[in-house]
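Chain by chain, the residues:
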Protein chains: 2
Amino acid sequence: MTSVFAAIADPTRRAVLDLLARRPRAAGEIGSEFPRISQPGVSKHLRVLREARLVDVTVRAQERIYSIKPEGLAELYEWVAKYQAMWPDTLSALERYLDARGAGEKAKGKKR
Amino acid sequence: MTSVFAAIADPTRRAVLDLLARRPRAAGEIGSEFPRISQPGVSKHLRVLREARLVDVTVRAQERIYSIKPEGLAELYEWVAKYQAMWPDTLSALERYLDARGAGEKAKGKKR
DNA sequence: TGGTTAAATAACCGTTGCGTAATATAATGA
DNA sequence: TCATTATATTACGCAACGGTTATTTAACCA
């Protein structure tokens, strides 16, 4: 599970990245956002994100502070960008596109 | 396997998308690019891509012509774009970033 | 027709992934 | 030193995934 693509395939891990995009958090604080998943479960998700180089960890006492690490996402962005030529038109056209699909959810914090 | 994220988690399916990005192809023609995978194996990958709305199909006699369908990729782009703010700098900075990592597999004209 | 071609579906199988409870590791602090 | 806190690791069950072979569906054509 080293791949960025496999790492973001899981909705829980995408939700973790969304959390960390707001601000860094200790592992336990992340876990408290997922009450239906056990502590080891969260820990394993964090390991996958680490191995995909999507997050960074710093140690503070017993805590592990996780934060977003852009490297992996840049790799993903590079891959998607290859296909931009086939979008209806330019970027603004893309956004109309997404709006038409009702894809404007990112404004109100939700999960998926 | 309805999710775009899960669909692109598999390297074979990403390779199929790369093929179709060049030009549309019949299912059999796609399959011939993957000699190590059986016909039903390829057919199942195509089904996943269809359900993720990443490809389009048109019928021509007994053939199914597959082509890239941007909707799904736009959804993915939307997700990645949320994180752009945390990249080192602007887009050009991102590209220097990628070059430094030797990530220039897709474009030959991308050297510094 | 019947035979051929193209692709999808069905049934099955080994591997992997996500979840769990139990345990281990490690730093804190009385 | 010892109990507590925070997190990771281990061991294991089960469902889903990617692959296979066999079969089905459907269009073409002699």
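Residues numbered from 1 in each chain as written. Chains lettered and ligands numbered in written order. Predicted model: local features only at pLDDT ≥ 70, side-chain atom pairs only at ≥ 80, totals over all residues.

Visitor: Which residues make up the protein's contact with DNA strand D, and what are the values?
Guide: The immediate surroundings of DNA strand D are formed by 27 residues, with G28(A), P40(A), S38(B), P40(B) and G41(B) found nearest. Contributions of two or more residues to the surface near DNA strand D are made by α3 (27–32), α4 (39–51) and β3 (63–68) of chain A together with α4 (39–51) of chain B. No other element matches α4(A), which puts six residues into the surface near DNA strand D. The residue inventory of the surface near DNA strand D, partitioned by class, reads 11 nonpolar, nine polar and seven charged. (Near = placed C-beta within 6 Å. Helix = DSSP H or I, 4+ residues; strand = E, 2+ residues; numbered from the N terminus. Nonpolar A, V, L, I, M, F, W, Y, C, P; charged D, E, K, R; others polar.)

Visitor: So what's going on with the sheet that holds strand β1 (residues 25–26) of chain B? Residues and values would help.
Guide: Within the open sheet, the three strands sit side by side as β1-β3-β2 (chain B). Their pairing is antiparallel. On the outer flanks of this sheet lie β1 and β2 (55–60) of chain B, each paired with one strand and no other. (Pairing = 2+ DSSP bridges.)

Visitor: Tell me about the protein's contact with DNA strand C, residues and numbers included.
Guide: Taken together, 25 residues lie near DNA strand C, and S38(A), P40(A), G41(A), G28(B) and P40(B) sit nearest. Listed by contribution, the elements that provide at least two residues to the surface near DNA strand C are α4 of chain A together with α3 (27–32), α4 and β3 (63–68) of chain B. Element by element, the count of residues in the surface near DNA strand C is highest for α4(B), at six residues.

Visitor: Describe the environment of F5(B), naming the residues involved and giving the relevant values.
Guide: Along the chain, the position of F5(B) falls in helix α1 (residues 4–7). Residue class for F5(B) comes out buried when judged on the 21 C-beta atoms lying within 10 Å of it. Each residue touching F5(B), except ones within four places of it in the same chain, is listed here: I8(A) and A9(A). (Buried ≥ 20, exposed ≤ 12 C-beta atoms within 10 Å, placed from the backbone. Contact = placed C-beta atoms within 7 Å.)

Visitor: Which residues make up the sheet that holds strand β2 (residues 55–60) of chain A, and what values do they have?
Guide: Residue and element names in this part refer to chain A. Taken in spatial order, the three strands line up as β1-β3-β2 in an open sheet, and their pairing is antiparallel. Both outer strands of the open sheet, β1 (25–26) and β2, are each paired with one neighbouring strand and no more. Where β2 meets β3, six bridges bridge the pair, whose relative direction is antiparallel. Residue pairing across strands places T58 opposite I65, the latter belonging to β3.

Limitation: the analysis is restricted to geometry and does not speak to function.
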